[in-house]
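Observations on the three-dimensional arrangement
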Amino acid sequence: MRPAHMALAVLVTAVWGVNFVVIELGLGHFPPLLFSALRFLVAALPAVFFVGRPKVAWKWVVGVGLALGVAKFGLLFIGMDRGMPAGLSSLVLQIQAVFTAVFAAVVLGERPGRTKVLGMSVALSGIAVAAVDEGASGPVLAFVLVIAAAAFWGVSNVLTRKASPPDALNFMIWVSTVPVLPLLALSLLFEGPTADLDALRSLDWSGAGTIVYVAWGATVFGFGAWGFLLRRYPASSVAPFSLLVPVFGMSSAALLLDEPVSPLRWGAAVLLVGGVALTSLGGRRAPATPRAELPERTRALEPS
């Protein structure tokens, strides 16, 4: 990769890592489901009017929108609102690579090779260490909610592979239109209209800034730049940069939010990032039944 493009890849992962800190700040202004709905609303509008029609079937747009937007981000925001630290969230979410490999084996027939199985085992041991650390100092339910969010991210990754979108930015913007109404409905049902109206009435520049960052920075810029790189380089060259996301997430949370990083958490980070690297980059066996080979670039849509 050209040095400028390597710098762009690092910048994108930094934006995605710091995004967890911004989410933490945004949850101080909005109930979690409302915040997630506003994130996708601002990401979709007005961009949806400039990217053209979806380049895949609507069933994939709706499926990924529900799995990624409603389930994954809804659970993540609720988990962080319940006390899951921003830095640890950025780390634990990377277990999505294991869920993706398992779901792909079941749904797509992608039988994992030995290296990938080893990576999954190492990553799961990292989650176990992180669970021990969080169980001793934080709410276990919030930890479980973030794990569930990672599982739904794995579901959305498999759906994305099936969809095989030729344009990652176009796909993500259309996907962002799907969760808005379901998340608003869930927010009204579980968080209540009073809490939602109070949050909107007290909206200030700080709250608006968190929405703009997670919508235009992490979503529009992040996916646009990542798609730009995938159109120019093999997925195997781009995907490893995603392993920097928890590095930026944990370090920015420590610097900006004063989140402590215990020795156990560092150990969990080493195991999880190493395991995810093996899981993501390790070879896989041929599928049990013949199927059309997916474009390589679709395999690297997972990190974002």
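Here, every reference points to the structure presented above.
No experiment lies behind these values; they were computed from the predicted model shown. (Residues numbered from 1 in each chain as written. Predicted model: local features only at pLDDT ≥ 70, side-chain atom pairs only at ≥ 80, totals over all residues. Heavy atoms only, no water.)

1. Things to note about the packing of helix H1 (residues 3–26) against helix H13 (residues 245–256)
A pair of packed helices can be characterised by two numbers: the angle between their axes and the separation between those axes. Viewed as axis vectors pointing N to C, H1 and H13 meet at an angle of 45°, and their least axial separation amounts to 7 Å. Considered as vectors, H1 and H13 are oriented oblique to each other. Every pair of crossing elements has a handedness; the one defined by H1 and H13 is right-handed. Here Val10, Thr13, Ala14, Trp16, Gly17, Val18, Phe20 and Val21 of H1 lie close against H13, whose contacting residues are Val245, Phe248, Gly249, Ser252, Ala253 and Leu256. In terms of residue class, the contact of H1 with H13 is made up of 10 nonpolar, four polar and no charged. (Axes fitted to C-alpha atoms, helices over the stretch in contact; angles between N-to-C directions. Helix = DSSP H or I, 4+ residues; strand = E, 2+ residues; numbered from the N terminus. Parallel < 35°, antiparallel > 145°, perpendicular 65-115°, else oblique. Left-handed = near helix turned anticlockwise from the far one by under 90°. Contact = heavy atoms within 4.5 Å. Nonpolar A, V, L, I, M, F, W, Y, C, P; charged D, E, K, R; others polar.)

2. Focus on the environment of Ala149
Within the secondary structure layout, Ala149 lies in helix H7 (residues 140–163). The class of Ala149 is buried, set by a relative accessible area of 0%. Here the alpha-carbon distance between Ala149 and Ala67, two residues 82 residues apart in the chain, equals 9.2 Å. Not counting chain neighbours up to four residues away, the residues in contact with Ala149 comprise Lys72, Leu75, Leu76 and Leu93. (Buried < 20%, exposed > 50% of the residue type's maximum accessible area, 1.4 Å probe, protein only.)

3. Topic: unusual backbone geometry
In terms of backbone geometry, most residues other than glycine have negative phi values and most peptide bonds are trans. Note that the residue after Leu45, namely Pro46, is joined by a cis bond; omega there is 0°. Inspection of the secondary structure assignment puts Pro46 in the loop between helix H2 (32–44) and helix H3 (58–81). The backbone of Ser164 sits at a positive phi, close to 50°, despite the residue not being glycine. With respect to the helices and strands, the residue Ser164 is situated in the loop between H7 and helix H8 (168–177).

4. Side note on a nonpolar patch on the surface
The grouping of Leu41, Leu45, Phe49 and Phe50 at the surface amounts to a nonpolar patch, some 470 Å² of accessible area in total. With respect to the helices and strands, Leu45 occurs in the loop between H2 and H3. (Patch = residues over 30% accessible without salt bridge, like charges linked within 9 Å, V, L, I, M, F, W, Y side chains within 5 Å. Areas by Shrake-Rupley, 256 points an atom, 1.4 Å probe, with all protein chains shown as cover. Salt bridge = Lys/Arg side-chain N within 4 Å of Asp/Glu carboxyl O.)

5. Re H2
Given a rise of 1.5 Å per residue, 13 residues ought to cover 18 Å, and the 19 Å separating the end C-alpha atoms of H2 matches this to within 8%. Most of H2 is tucked away, with 11 of its 13 residues classed as buried. Turning to H2, its buried residues are Pro32, Leu33, Leu34, Phe35, Ser36, Ala37, Leu38, Arg39, Phe40, Ala43 and Ala44. In the core, the buried residues of H2 are packed alongside H1, H3, H8, helix H9 (180–191), helix H10 (193–201) and helix H11 (205–230). (Expected span 1.5 Å × (residues − 1).)

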